[in-house]
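Listed below, chain by chain, are the residues.
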Amino acid sequence: MMLNLKYLFCLLMLCCLSACNRDPAGKIIPVNDFFKSQERMTYRISPDGKNISYLMFDGKDQNLYLEDVNTGKSWQVTNIKGKKINFYFWVNSTELIYYRDIDPVKRRSDIFIINKNGGNLRQLTNNEKSRIRVLEDQLIDDKYLMVSSNRRDSTVFDVYRLNVRNGKMEIAAQNPGNITNWMTDDDGKLRLATSSDGVNETFLYRSAENESFRPIMTNNFKTTLMPVAFAPERRNIVYAISDVNRDKRALVELDCNTGKEIKVLYSNDSVNVTDAQYSRKSRKMSFVVYESWKKEKYFLDDSTEMLYKDLDKLLPNTESKIIDRDEAESIFIVRTFNDRNPGSFYLYFYKTGKLKKLSDLNSAIKEEEMSPMKAITYRTRDNLVIHGYLTLPLNEKAEQLPVVVLPHDGPGSRNNWGYNPEVQFLANRGYAVLQVNYRGSAGYGKVFSASGFRQWGCKIQNDITDGVNWLISRKIADPKRIAIYGTGFGGNIALNALYAKDHNYVCAASNSGVINLFSYLKSIPPFMKPNLQMYYEVIGNPLTDVEQMRQSSPLFQVDKINKPVFITQNTNDPNINSGETLQFVKNLQKKNIPVTYLENDGDFFFGKNIEQRQKLYTALEQFLEVHLKKK
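Let me begin by describing the structure that accompanies this report.

It is worth spelling out the packing of aromatic side chains at this point. Under the defined criterion, the tally for this structure stands at 31 aromatic pairs. Summarising the aromatic geometry, the rings of Tyr-43 and Tyr-54 are spaced 5.5 Å apart at their centres and angled 45° between planes, so their arrangement reads as tilted. On the criterion of sequence distance, the pair formed by Tyr-43 in strand 1 (residues 40–45) and Tyr-54 in strand 2 (residues 51–58) is long-range, its members being 11 residues apart. Comparing Tyr-43 with Tyr-54, the two get one shared label, buried. Ring plane angle 45° and centroid distance 5.7 Å describe the contact between Phe-87 and Phe-89, whose orientation is recorded as tilted. Linked through ring pairs, Phe-34, Phe-35, Phe-425 and Tyr-617 together constitute an aromatic cluster. Here the basic side chain of Arg-133 rests over the ring of Phe-157, its NZ or CZ set 3.9 Å away from the ring centre. The ring of Phe-556 is capped by Arg-550, whose NZ or CZ atom sits 4.3 Å from the centre of that ring.

End to end, helix 11 (residues 578–590) covers 19 Å across 13 residues, agreeing with the expected 18 Å (1.5 Å per residue, within 8%). Along helix 11, the positions that sit buried rather than exposed are Glu-580, Thr-581, Phe-584, Val-585 and Leu-588. Relative to the axis of helix 11, the buried residues are bounded by an arc of 145° and lie together on one face. Those residues of helix 11 that are buried lie in contact with helix 7 (489–497), helix 8 (517–522), strand 34 (565–570) and strand 35 (595–600). One side-chain oxygen at the N-terminal end of helix 11 lies 3.0 Å from the backbone nitrogen of Gly-579; it belongs to Asn-577. Asn-592 sits one or two residues past helix 11 and shows a positive phi near 65°.

Within the open sheet, the eight strands sit side by side as 28-29-31-30-32-33-34-35. Their pairing is mixed. In this open sheet, the two edge strands, each paired with only one partner strand, are strand 28 (373–379) and strand 35. Across this sheet, the average inter-strand angle for adjacent strands is 20°, counted without regard to direction. Here strand 30 (residues 401–405) pairs with strand 31 (residues 432–437) via three bridges, running parallel. Bridging across to strand 31, Val-405 finds its partner in Leu-434.

Turning our eyes to something else, we now look at the sheet that holds strand 14 (residues 190–196). Read across the open sheet, the four strands follow the order 13-14-15-16; overall the sheet is antiparallel. Only two strands of the sheet have a single partner each, and these edge strands are strand 13 (179–184) and strand 16 (214–220). On average, each strand axis in the sheet is tilted by 20° relative to the strand beside it, whichever way the strands run. Where strand 13 and strand 14 come together, five bridges link them in antiparallel fashion. Pairing of Trp-182 across the sheet is with Ala-193, part of strand 14.

Of all eight residues in helix 4 (residues 421–428), eight are buried, a share of seventy percent or more. Within the span of helix 4, buried status applies to Pro-421, Glu-422, Val-423, Gln-424, Phe-425, Leu-426, Ala-427 and Asn-428. Next to the buried residues of helix 4 lie helix 2 (31–34), strand 29 (385–391), strand 30, strand 31, strand 32 (477–487) and helix 12 (610–628). The N-terminus of helix 4 is capped by Asn-420, whose side-chain oxygen sits 3.0 Å from the backbone nitrogen of Glu-422. Positive phi appears at Gly-430, one or two residues downstream of helix 4, with a value of about 100°.

About the criteria used
Residues numbered from 1 in each chain as written. Predicted model: local features only at pLDDT ≥ 70, side-chain atom pairs only at ≥ 80, totals over all residues. Heavy atoms only, no water. Phe/Tyr/Trp six-rings, centres within 6.5 Å; stacked < 30°, edge-to-face > 60°. Helix = DSSP H or I, 4+ residues; strand = E, 2+ residues; numbered from the N terminus. Buried < 20%, exposed > 50% of the residue type's maximum accessible area, 1.4 Å probe, protein only. Lys NZ or Arg CZ within 6 Å of the ring centre and 35° of its normal. Expected span 1.5 Å × (residues − 1). Arc of directions from axis to C-beta. Contact = heavy atoms within 4.5 Å. Polar contact = N/O pair within 3.5 Å; in protein donor to acceptor, adjacent residues only side chain to side chain. Pairing = 2+ DSSP bridges. Axes fitted to C-alpha atoms, helices over the stretch in contact; angles between N-to-C directions.

Structure (structure tokens):
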């Protein structure tokens, strides 16, 4: 009997080894390969084009490094222990400014300036009780930065001139209490501001800093008006992404004297403009980015179009994005990616047309081992068109597959085409992955966005369910093997799914999911209070929408849940109440519901949280394996 057991054990091990070492199309890839932290990140180039900079980890310490563009020689600039640099930039060709964490939970940082050789380090701010952010990363008169800070009043951000030579801050504009955004022109002069009463936004303008701001236009928050840059030769004209008097966003010219739109640079009735690039060197708009099932460019400048055509030839079958450039716009840092590859960073020399590879975002990922992400469209029960993405496991027929539905976080975000480590991890484990841009998602116009207001747990839930039924009707999904997993508001959707009337889910998983909408609204920080009425419009009013908000808060619906649940939470997440999540878990356990519960104290996707990521995704893999009962 003992020999037989040994034989069986060896046979089992051989089968496992065979499964793990089969051809690339069916290879089981280690969990951490999908979620590796970048060794080098946040590349920037000096204004004179002589040096590139980047952040790099050494163990758990993250520091700033430089490399000579011509010689390739590199050196360490900072020597920080146990703290993270969460943002930095060049202020001139010899100095850099960086933010160093002092309280990552409350998102507070101190600002430092340092020479590129690592010398003359100076601390510019001490923000133990306040937050500060740079409005424009250019020096004025070789010494001033325009910054905003809530040091005077925690609920509002004033504008200051920060002297980078001595750290002194002079107030440049005091917030009367309702300003939510400030904007400078090309010369660093404060010229635009946005005020809010919680529902309506008013744009304020002045032609010079010695004048008072005056209102030029008021819109409901459902309407978007995002200034991009001032027209250099016409001081009263601003380029802006706008859906004023239209459903989809367009790039327009706006006259700040009258508040009137005077020219449309690009519009399309079927797609949204999501971004626009302005060139400081040529002093004009270069292109707009619009998004259908993937992001595309419409060029407004011939030389920029030529540049991207050259990049397409050099980097075929991939998307290219310029993330930084020198002042002469002759050397560029380029980021590439596609749906099966997180991509790489390159240095592109425009005059010679040459590329130099800097690093991969994740060298463990092999494109041929990943699954393509396909766009899908279906109609809901109330005849609304919904877009999304379906990713199938490699070399599997699209028939009777186990499915994991992956609703995105929200409100106001969306799924995008591109490499997603969670999607590829799940597809590699044999699951079809469904991502749905449910009503309320960004990118489909303001009517579609508004259709999701106050619909958490209601029509939003129906959109997800209708997507699952669409898969079942086409026999892609096995109706007895469907799970749902989400983060944040995606976690709220996942848990709500278990007590929806017509669901097909056998289990649900939530990562830092919102389980109580009332607590989420209470967590909104003081400086965002002017937008509180907007949140009430989107999520629900805790005074008038009590029953609906309770129905959409899993914390209060434990009696309706009878399927296995996986829950993990970041105990430092300011948007959730960790005590409530723990109570929710205990209440489920009292009902004898199978619960897998994990805690962590930081973000899985940033920094060196390798052990926590391994623990999370290994546990999630086991949870799905057990409850989806793969054939």
